[in-house]
Each structure stands twice: as structure tokens, then as C-alpha cells.
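# Summary of the model geometry
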Amino acid sequence: MPPHRHITPSASTAPRIPPGHIGPDHRFAADGHASRFACGTCGSPLDRYAELPSGTVSYEHPIWKNTDHRPVPVAADAVEATYVCDFCTDPKILFVYATAQPVLVQVDTPGSFVVRDYGTRWSACVECAALVEARNLAGLLKRVRSPVMAFEVVAHLSAMLRQVLSTLRPGRALSVDGRWEPHPVPATTLPRIRDRLAALIAGDVALPFALGHQAVRTPLAASLAIARLYWVDDEFTILTRNAAQVLPRLGFSPGDLPAAHGFVAWAQPVDARRRCVAASWSSHGDAVQLVGYRSVGDGLAPAPLQQLRAQVGWLIPAFAVTLRPGQPVTATHPAATLITTWRLIRQRLADTTPAKVDTSIRRAYQRARRPEPEVALVRIRGARATSAPAQHINAGAGSERDYRWWVTPHWRHQPYGPGRSLRDWIVVRPHLRGPHDKPISATTTVRVLGTLPPRPEPTAQAPTEGP
Ligand SMILES: [Zn+2]
Ligand SMILES: [Zn+2]
């Protein structure tokens, strides 16, 4: 059976465009990220059809997908679209390839035909990427086809793949659409993970967020190579995340930085989407470039995981921003957690001690005549000492709690520095309460967050920003 489609698209699913815009010269839908469509019902990216000669365009679920509903095309950015490898449909996408022109495959219909427009953008998982690199048509087809596929479908996919491989542009880009479970990186191997990241940045795979420019990636890689390394433990990460969520609007100051170049990994993801597990900063004059990173590799079988570590590593960029002195930053800024981490370290709420680094990594550094790799372990200063003794806990009915909980941090605009002559936002020391040998309850953190005091009025106490 030929791929199922709706011959008569409804008005809502088939925006009409002039017939003259159909065909290989028609690029607008194929290239731009903004013009990608996904199904508002199931989140699946949609394929584009052009009906000839009328030029009617419609959107359909991917050919391999069995769905029980009509597609509802919405801009892919409007839904959390679940992107998948365009070859094998695995959501663990790693690379994006581009073809020189849109891949168009004809589909015969009773008495006519339509053209399926696959566009120029091809997402690939690590295993399909290896086959694409090798121009291995048979290998790709083997991964793409399933035993239940009709002959026509296999022929269609084969024609599609042949076109992809014959019109492939050189190079590839890191995908930002892959679905990876966050996997925080351990302190013990942080120097190696940082080195791998620096090599990725210095390499030739195209990078997202305008990091791909040589004028950007060369200094970024150099900065990573000399970055001071921080690893933030669980409790400090929770504190940071909570404080970042109520970050008052403050102006960025280079004095916030604990080092000119740094790389920090958190024990838990820190952003609202729970993806970002690390970040770097690099100083270029007054400007500071911040890059957030997320982890890749979780859930892969050993062989493709090894391929991924060799080709990409552990981390890929999740966002990149540049900050200049005085630039306002709020709780919704992508780097709010990183800025909060700096402030907390500067405020001496942190207790930084050297973390243990893997012996094999230390030896490798020695052999390469590099300085001993150091990782600063960031913990809450005296967290255990401030835990109230169990008998002092008033837990309502007088029963002893079997967990510790947070008394929420908040920000206060208060004097500091020599003679207390300066004023700035600082985090008022949060308290960890409860028996010190008990785990920290995640739910109390959530509950505490629900009852936060209102954010300080930015206008009432805003730091002076000059005339
Ligand atoms: Zn759908
Ligand atoms: Zn794949």
C-alpha cells in the first residue's frame, strides 16, 4: 500500500501557496527552523506534501508513524516537538545534515501524483550518522525499514535515502533537538569531560547558538582549556536553584566572577527544563560569554555510546549568551543559575575543597606535562553544623522528622564591603533544618518554593545605575 495520506487537505491543514513556488527552487519551508511544523496533538514533526499541479501544500505524519488522528500542523516551536532521527526514528538525535536541495519523492495517487517534500534538514542519531558519513545506502535502508513495511514504502524510502546521500552537503552540525535524559557529570572525571568539550568546540562540527564562528569557538576552546573547574554538590545545587528562581533583577558585574575563566558542573540539572548540567564562562575584556551545556549519551548501548564519546563527548551546548557590565539579569535569564552560583561562592556561603580526581586522569595530565588537574568541590559552608538537633525540631505533633528541609533562601539588598559602603543583592543565608543524618526532602523544597515571599520590587531598591 502506498503511504497513506489525505488526498483532499482541509483548509486548516493545507495552507495554499502559489503553484510557482513548488519544486526544487522552493526553499523557504525546507531550510528555516521557524517554518518547521509539528503535530499539535502528538508532537510529532510533520512531513510536507506538495500536490501537483495545483501547488496545494499539506502536512502529514511521518510515513513510518501509525496514528489514529489527523495531523494538526502548528509551528514546531509552539509545541515541545519530539524530534526523531530522520532515518531510524530514534529520539536520541546527535547531528544534523543538510542536502544541497530539498529531497522530493513522488507518490502516485489514483489518476495523479503528489510530491513528498522532505526538505533539506536531516537529523541523525549516532549510528545513522556513521552510516551517512560512510554513504552506506544499504546499511541505512536496513535501519530504516521494518519487516512489516509494504514494498511500495520500502521503495519510497530507498529513493529518499539515495537522494539524501547523493546531494549531501559537506559537514554536519550538532543537533539541539535530541532527547537525552539529563546525566550530571561526576567530579572525579570533570577534567577529562572538560577536555573533551574543549576539543568539540575546537573541532569542525558546526555548533548551535552562533558558537560555530571561528572567531567564537577558538577563544572559547582556549578558555575551557584553562578554566577553573567547579563541581557543585547536591545540596548546594538545590540551594542555588532555589535562590536563582527568586533572583531579583540585578546588573551583571564582572566582580561576580570567581575566576576569569571557569567551568562548573552541578550535581543536578539546574534550569527550568531540567536539562542544563554544566556551564562555562570566559572573559573577553569586559564581556563575559556564558555557555550552558546538557549531557548526551544516556540510554545508549555500549557500542554507540563509545562512538558518541569519541565523536562528541559528554556535553553539548544548551544555550549561549554574552553579558556586559550592568546588563540586567533576572530569574528568567538562561544564566540565572550560573550567576547565582557565582554570587553564592562570592558570599562565602560556599565551602570549596579540592575534589578527588581519578588517578588515571591525574597520570594522563602528568604525562602530558600539564598542571595537576584541580576540581573545586562546592558545598554549603557548615551545612551540617547548622542543622538543628533532632530534639529541637517542632514537627507539629511533636514527632521527630525523618528528613531535613530547607528554610528558603531569599535575596536582600544590603550593605557590604569596606565600611559597609556598598550595597548589593545578597542571598540571605538559608537554613537546612532537621536531623543531620537524614536525607533532604525534595518535596519540602517544592513546598517551600510555593510559599516564597514576593520578589523584591526592582524599582524600590535597585542598585544605582548611574545618572
Ligand atoms: Zn499527531
Ligand atoms: Zn538513527
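Our subject is the structure listed above.
What you see is a predicted model; the values in this text were computed from it and never measured. (Residues numbered from 1 in each chain as written. Chains lettered and ligands numbered in written order. Predicted model: local features only at pLDDT ≥ 70, side-chain atom pairs only at ≥ 80, totals over all residues. Heavy atoms only, no water.)

## Remarks on the packing of aromatic side chains
Applying the stated rule across the entire model yields seven aromatic pairs. With 6.1 Å between their ring centres and 50 degrees between their planes, F252 and W342 make a pair best called tilted. With F252 in the loop between strand 11 (250-251) and strand 12 (261-266) and W342 in helix 9 (residues 336-346), this residue pair connects regions lying 90 residues apart in the sequence. The two residues F252 and W342 agree in class, both being buried. Its guanidinium or amino end placed over the ring of F95, R172 lies 3.7 Å from that ring's centre, counting from NZ or CZ. (Phe/Tyr/Trp six-rings, centres within 6.5 Å; stacked < 30°, edge-to-face > 60°. Helix = DSSP H or I, 4+ residues; strand = E, 2+ residues; numbered from the N terminus. Buried < 20%, exposed > 50% of the residue type's maximum accessible area, 1.4 Å probe, protein only. Lys NZ or Arg CZ within 6 Å of the ring centre and 35° of its normal.)

## Looking at the nonpolar core
Of all hydrophobic cores here, the largest spans 67 residues; its most connected members are F87, F263, Y293 and L315. In terms of residue count, the dominant contributor to this core is helix 4 (residues 151-166) (seven residues). Each of domain 1 (19-174) and domain 2 (187-457) accounts for three or more of the residues forming this core. Core analysis: the next-biggest nonpolar cluster, separate from the first, contains 39 residues, F252, L290, A331 and W411 among them. (Core = buried A, V, L, I, M, F, W, Y, C linked by side-chain atoms within 4.5 Å. Domains from an automatic or database assignment.)

## Re the coordination of the zinc ion (ligand 2)
Note on the zinc ion (ligand 2): its protein donors are C85 (SG), C88 (SG), C125 (SG) and C128 (SG). The metal-donor distances range over 2.2 to 2.3 Å. Read from N- to C-terminus, the donor residues coordinating the zinc ion (ligand 2) fall into the pattern C-x2-C-x36-C-x2-C. Placement of C88 in the loop between strand 4 (73-75) and strand 5 (93-98) and of C128 in helix 2 (residues 126-133) is noted, with a sequence separation of 40 residues between them. Summarising the burial analysis for this pair, C88 and C128 share the class buried. (Donors = N, O, S within 2.8 Å, 3.2 Å for Na, K, Ca; no water.)

## Considerations on the side chain of T189
On the secondary structure map, T189 appears in the loop between strand 9 (173-174) and helix 5 (190-202). Note on T189: relative accessible area 12%, which makes it buried. The residues contacting T189, other than those within four sequence positions of it, are D358 and I361. (Contact = heavy atoms within 4.5 Å.)

## Points about the sheet that holds strand 17 (residues 350-354)
With respect to topology, seven strands assemble into an open sheet ordered 15-14-13-12-10-18-17, the strand pairing being mixed. What marks the edges here is a single partner per strand, and that holds for strand 15 (315-323) and strand 17. Taking the axes of each pair of neighbouring strands and ignoring which way they run, one obtains an average angle of 25 degrees across the sheet. Its contacts with the sheet put helix 6 (residues 214-226) on strand 10 (228-232), strand 12, strand 13 (276-284) and strand 14 (287-295), and the angle it makes with strand 13 is roughly 105 degrees. (Pairing = 2+ DSSP bridges. Axes fitted to C-alpha atoms, helices over the stretch in contact; angles between N-to-C directions.)

## Focus: the coordination of the zinc ion (ligand 1)
Taken together, the protein donors to the zinc ion (ligand 1) comprise C39 (SG), C42 (SG), H61 (NE2) and H69 (NE2), at separations of 2.1 to 2.3 Å. Taken together, the four donor atoms coordinating the zinc ion (ligand 1) and their angles of 101 to 117 degrees define a geometry best described as tetrahedral. One chain supplies every donor for the zinc ion (ligand 1), spaced along it as C-x2-C-x18-H-x7-H. Under the relative-accessibility criterion, C39 is labelled buried at 0%. In this structure C42 comes out as partly exposed when scored by relative accessible area, which is 29%. (Tetrahedral: all angles 85-135°; square planar, octahedral: opposite > 155°, others 65-115°.)

## Some words on the packing of helix 3 (residues 137-144) against helix 4
Axis separation between helix 3 and helix 4 bottoms out at 10 Å; the angle between their running directions is 140 degrees. In terms of orientation, helix 3 and helix 4 fall into the oblique class. Here the hand of the crossing between helix 3 and helix 4 comes out right-handed. Residues L137, L140, L141 and V144 of helix 3 pack against V154, L157, S158, L161, R162 and L165 of helix 4. A class-by-class count of the residues in the contact of helix 3 with helix 4 yields eight nonpolar, one polar and one charged. (Parallel < 35°, antiparallel > 145°, perpendicular 65-115°, else oblique. Left-handed = near helix turned anticlockwise from the far one by under 90°. Nonpolar A, V, L, I, M, F, W, Y, C, P; charged D, E, K, R; others polar.)

## Points about the pattern of salt bridges
Inspection of the entire model under this criterion finds nine salt bridges. The closest approach of N and O atoms between D256 and R343, which form a salt bridge, is 3.3 Å. Highlighted residues: D256 in the loop between strand 11 and strand 12 and R343 in helix 9, separated in sequence by 87 residues. Take D256 and R343: they sit in the same class, and that class is buried. Several salt bridges converge on common partners, so that one network encompasses R194, D195 and R370. (Salt bridge = Lys/Arg side-chain N within 4 Å of Asp/Glu carboxyl O.)

## Points about the packing of helix 2 against helix 3
For the pair helix 2 and helix 3, interaxial distance at closest approach is 8 Å and the crossing angle is 155 degrees. By the angle class used here, helix 2 and helix 3 are roughly antiparallel. Helix 2 and helix 3 meet at a crossing whose hand is left-handed. Contact residues: E127, C128, L131 and V132 in helix 2; G139, L140 and R143 in helix 3. When the residues that make up the contact of helix 2 with helix 3 are grouped by side-chain class, the tally is four nonpolar, one polar and two charged.

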